[in-house]
Each structure stands twice: as C-alpha cells, then as structure tokens.
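# Working through the structure, step by step
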Amino acid sequence: MSTVLLDWLKKLSHALGFDTADSFPPGHQYARTRWTGAYFDIPSDTKADDIERRLCEAIANTPLVFAHIENPTPRMQRVLIDVIERRLRHSHEREAAQLAALLIRAYGSPHIIEAAPGLRHAIEATEGHEAPARVRALFAFLLDTQTDNVIEMRS
C-alpha cells in the first residue's frame, strides 16, 4: 500500500512541477541530454524549449556549470564556445582553457551532436595528447572557424 501511495505522490509532485527536471522529456530530440538538477533549478513541468533556454542562460552566466551536463545540445555548446571566444579576445587564456577542457570532455560521449561541422573531428584528432595540446588545437579550430565566418560575412 505504501509503495502505491509513494508512486502516486511522486507522479503528482512531477505533474505540479515540484520536482526538478534533469533531462528533456522522453522522445525529445535531445533525450540523451542530462544535467545535475542541483545546479539547474528547472521545474519538471517546464517545456523543452524553455528548459534549453534556461540551461543556455546558466552556461552564459556561469560557464563552469557546463561540467554538469551530459551530452549537451549544440545550442548549449555554442553558448560555451561563445564564452571561450570572448575570454580569448580579452586575454583570459587560463579561463578559456578550463572551459575548452570541459567541451573536450563532453565530446568523450559518442552521443553528443556536433555544434559546428568538424568540431568532433578536431577534438578526436588530438585524442591521446596531453591536455594543453588538446586545448591549443581546439583554440586553433575555433579561430579557423571564426575566421571562416568573418570571410563569409564579408562576401
């Protein structure tokens, strides 16, 4: 009897949004994306688009929370990449390197969807190298893609 009651209370709590979501709803495009609910206070009844927006805002404001996301969506990755590029422009290489390491670690999952064409290849090409070499290679890739975007914008 108590198991039935607990299950019912759990379903009710979820339906009312008292639980904290730690993934997108089943069947969602990014259903493999998971996050540690303690770092992201997202009620369980939040719509998927709003969930992604909230996670992206959290990454933009406190980029180290990216470490608590498994299989981040391409949009989440792009937010982190933007932060990395901003830190590099402002000569904060150490902070940028720390964030780049988080992105590299995220690509250890075979289920992650690339945020930019060639990003997975650029990261996998440095597998087995020391962390600083991997970070420098990622910086070079980001610089190249940033330069490509500038050239395309000028055309």
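The structure we're discussing is the one just above.
This section reports on the structure supplied with the text. The model shown is predicted, which means the values in this text are computed figures rather than measured ones. (Residues numbered from 1 in each chain as written. Predicted model: local features only at pLDDT ≥ 70, side-chain atom pairs only at ≥ 80, totals over all residues. Heavy atoms only, no water.)

As a further point, take unusual backbone geometry. Of note, the phi angle at Asn 71 is positive, near 55 degrees, even though the residue is not glycine. With respect to the helices and strands, the residue Asn 71 is situated in the loop between β2 (69-70) and α3 (74-89). In this structure, Ser 91 is a non-glycine residue whose phi angle is positive, near 60 degrees. The residue Ser 91 is located in the loop between α3 and α4 (93-106) in this model. Accessibility expressed as a relative area gives 52% for Ser 91, which makes it exposed. (Helix = DSSP H or I, 4+ residues; strand = E, 2+ residues; numbered from the N terminus. Buried < 20%, exposed > 50% of the residue type's maximum accessible area, 1.4 Å probe, protein only.)

Within this structure, the stated rule accounts for 2 aromatic pairs. Plain terms: the ring middles of Phe 24 and Trp 35 are 5.4 Å apart, the flat faces sit at 80 degrees to each other, and that makes the pair edge-to-face. Of the two residues, Phe 24 sits in the loop between α1 (2-15) and β1 (34-35) while Trp 35 sits in strand β1, which places them 11 residues apart along the sequence. With a relative accessible area of 4%, Trp 35 lands in the buried category. (Phe/Tyr/Trp six-rings, centres within 6.5 Å; stacked < 30°, edge-to-face > 60°.)

What follows deals with the nonpolar core. Counting 38 residues, the largest nonpolar core has Trp 35, Ile 59, Ile 84, Leu 103, Leu 119 and Leu 138 as the members making the most contacts within it. If you list the elements that add at least two residues to this core, you get α2 (48-61), α3, α4, α5 (119-124) and α6 (131-154). Here the element with the most residues in this core is α4; it accounts for 7 residues. (Core = buried A, V, L, I, M, F, W, Y, C linked by side-chain atoms within 4.5 Å.)

On to the packing of α3 against α4. The contact between α3 and α4 brings their axes to 8 Å, and the two run at 160 degrees. Regarding the angle of α3 to α4, the classification is roughly antiparallel. Regarding α3 and α4, the two cross each other, and that crossing is left-handed. Residues Gln 77, Leu 80, Ile 81, Val 83, Ile 84, Arg 87 and Leu 88 of α3 touch α4, and the partners they reach there are Glu 93, Glu 95, Ala 96, Leu 99, Ala 100 and Leu 103. For the contact of α3 with α4, a count of residues per class yields 9 nonpolar, 1 polar and 3 charged. (Axes fitted to C-alpha atoms, helices over the stretch in contact; angles between N-to-C directions. Parallel < 35°, antiparallel > 145°, perpendicular 65-115°, else oblique. Left-handed = near helix turned anticlockwise from the far one by under 90°. Contact = heavy atoms within 4.5 Å. Nonpolar A, V, L, I, M, F, W, Y, C, P; charged D, E, K, R; others polar.)

Over its 16 residues, α3 runs 22 Å from end to end, which matches the ideal 22 Å to within 8%, given 1.5 Å per residue. Looking at α3, one finds that the buried residues are Pro 74, Met 76, Gln 77, Val 79, Leu 80, Ile 81, Val 83, Ile 84 and Glu 85. Two residues or fewer after α3 comes Ser 91, characterised by a positive phi angle close to 60 degrees. (Expected span 1.5 Å × (residues − 1).)

Another aspect to go through is the packing of α2 against α3. Running from amino to carboxyl end, α2 crosses α3 at an angle of 20 degrees, the nearest separation of the two axes being 9 Å. Compared by their axis directions, α2 and α3 come out roughly parallel. Remark: the crossing between α2 and α3 carries right-handed chirality. Together, Asp 49, Glu 52, Arg 53, Leu 55, Cys 56, Ile 59 and Ala 60 of α2 and Arg 75, Met 76, Val 79, Leu 80 and Val 83 of α3 make up the contact between the two elements.

In this section: the pattern of salt bridges. Tallied over the entire structure, the rule returns 6 salt bridges. Between Glu 57 and Arg 53 there is a salt bridge, with the nearest N and O atoms lying 2.6 Å from each other. Within this pair, Glu 57 and its partner Arg 53 are both found in helix α2, separated by 4 residues, close to a single helical turn. The salt bridge involving Arg 87 is made with Glu 95; its shortest N-O contact spans 3.5 Å. Look at Glu 95 and you get partly exposed, because its relative accessible area is 36%. Among the charged side chains, a salt-bridge network with shared partners connects Asp 50, Arg 53, Arg 54 and Glu 57. (Salt bridge = Lys/Arg side-chain N within 4 Å of Asp/Glu carboxyl O.)

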